Amino acid sequence: MYSHGYIYISFHFLVLWCNAQGENHPSPNFNQYVRDQGAVTDQLSRRQVRVYQLYSRTSGKHVQIQGRKINANAEDGNTFARLYVETDTFGSRVRIKGAESGHYLCMNRRGKLVGKASHSPFYLQ
């Protein structure tokens, strides 16, 4: 007669052996999928455009785009503080455009925010 401990250990060994015999599928890389899908325009999803005001906790005011000049000195409701947030792709790639100025929020090579008249993906000045 086998003891309960022997049966318990044999059962665990059998489970481990069965798991080792199964096919090893690599887990899906969702970061790579999102990166790949975000690089192309999504033809199935609807383009989203929403109007926002971005609030700066540092200045206590709203971000505004006045042509090439970007600052956080606008009062609530200021026309230059109204920003269109546009997206047309899967994932998190967005464009931010000043409703009044028509300029896009961009970053130059030094990391400073600037307004640009037209958008281009991954634009560096």
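In this text, all values refer to a predicted model and were calculated from it rather than measured experimentally. (Residues numbered from 1 in each chain as written. Predicted model: local features only at pLDDT ≥ 70, side-chain atom pairs only at ≥ 80, totals over all residues. Heavy atoms only, no water.)

A.B. asks: Any details on the overall build of the protein chain? Residues and values, ideally.
C.D. replies: Each helix and strand counted, the protein chain has two helices and seven strands in total. Each helix (α) and strand (β) of the protein chain, taken in turn from the N terminus, gives the series α-α-β-β-β-β-β-β-β. Looking at the protein chain as a whole, 21% of its 125 residues are labelled buried. For the protein chain, contacts bridging at least 24 residues in sequence account for 38% of all contacts bridging at least 6. Just so you have it, the protein chain exposes about 10,000 Å², and 56% of that area is on carbon and sulfur atoms. (Helix = DSSP H or I, 4+ residues; strand = E, 2+ residues; numbered from the N terminus. Buried < 20%, exposed > 50% of the residue type's maximum accessible area, 1.4 Å probe, protein only. Contact = heavy atoms within 4.5 Å. Areas by Shrake-Rupley, 256 points an atom, 1.4 Å probe, with all protein chains shown as cover.)

A.B. asks: Run through the environment of Val63, naming residues and quoting values.
C.D. replies: When you line up the elements, Val63 lands in strand β2 (residues 62-66). Separated by 19 residues in sequence, Val63 and Arg82 place their C-alpha atoms 8.6 Å apart.

A.B. asks: Can you tell me about the pairing of strand β6 (residues 104-107), naming the residues and giving the values?
C.D. replies: Here β6 shows a clear split, with Tyr104 and Cys106 buried on one side and none of Leu105 and Met107 buried on the other. Note: β6 against strand β7 (residues 113-116), four bridges, orientation antiparallel. By the bridge assignment, Cys106 is partnered in β7 with Val114. Linking two consecutive strands that pair antiparallel, namely β6 and β7, is a turn of five residues; a positive phi of about 90° is found at Gly111 within it. (Pairing = 2+ DSSP bridges.)

A.B. asks: Please give an account of the pattern of salt bridges that cites residues and values.
C.D. replies: Evaluated as defined, the whole model comprises two salt bridges. Residue Lys61 pairs with Glu75 through a salt bridge whose shortest N-O separation is 2.7 Å. With Lys61 in the loop between β1 (48-52) and β2 and Glu75 in the loop between β3 (69-74) and β4 (83-87), this pair connects stretches of sequence that are 14 residues apart. Classification of Lys61 as partly exposed rests on a relative accessible area of 28%. In this structure, Glu86 and Arg95 form a salt bridge, with 3.1 Å as the shortest nitrogen-oxygen distance. Take Glu86 and Arg95: they sit in the same class, and that class is buried. (Salt bridge = Lys/Arg side-chain N within 4 Å of Asp/Glu carboxyl O.)

A.B. asks: Give me the lowdown on the side chain of Gln64, citing residues and values where you can.
C.D. replies: Relative to the helices and strands, Gln64 is located in strand β2. Within polar-contact distance, the side chain of Gln64 engages the side chain of Asn71 at 2.8 Å. The contacts of Gln64, once residues within four sequence positions are left out, are Lys69, Ile70, Asn71, Asn73, Ala74, Asn78, Phe80 and Ala81. (Polar contact = N/O pair within 3.5 Å; in protein donor to acceptor, adjacent residues only side chain to side chain.)

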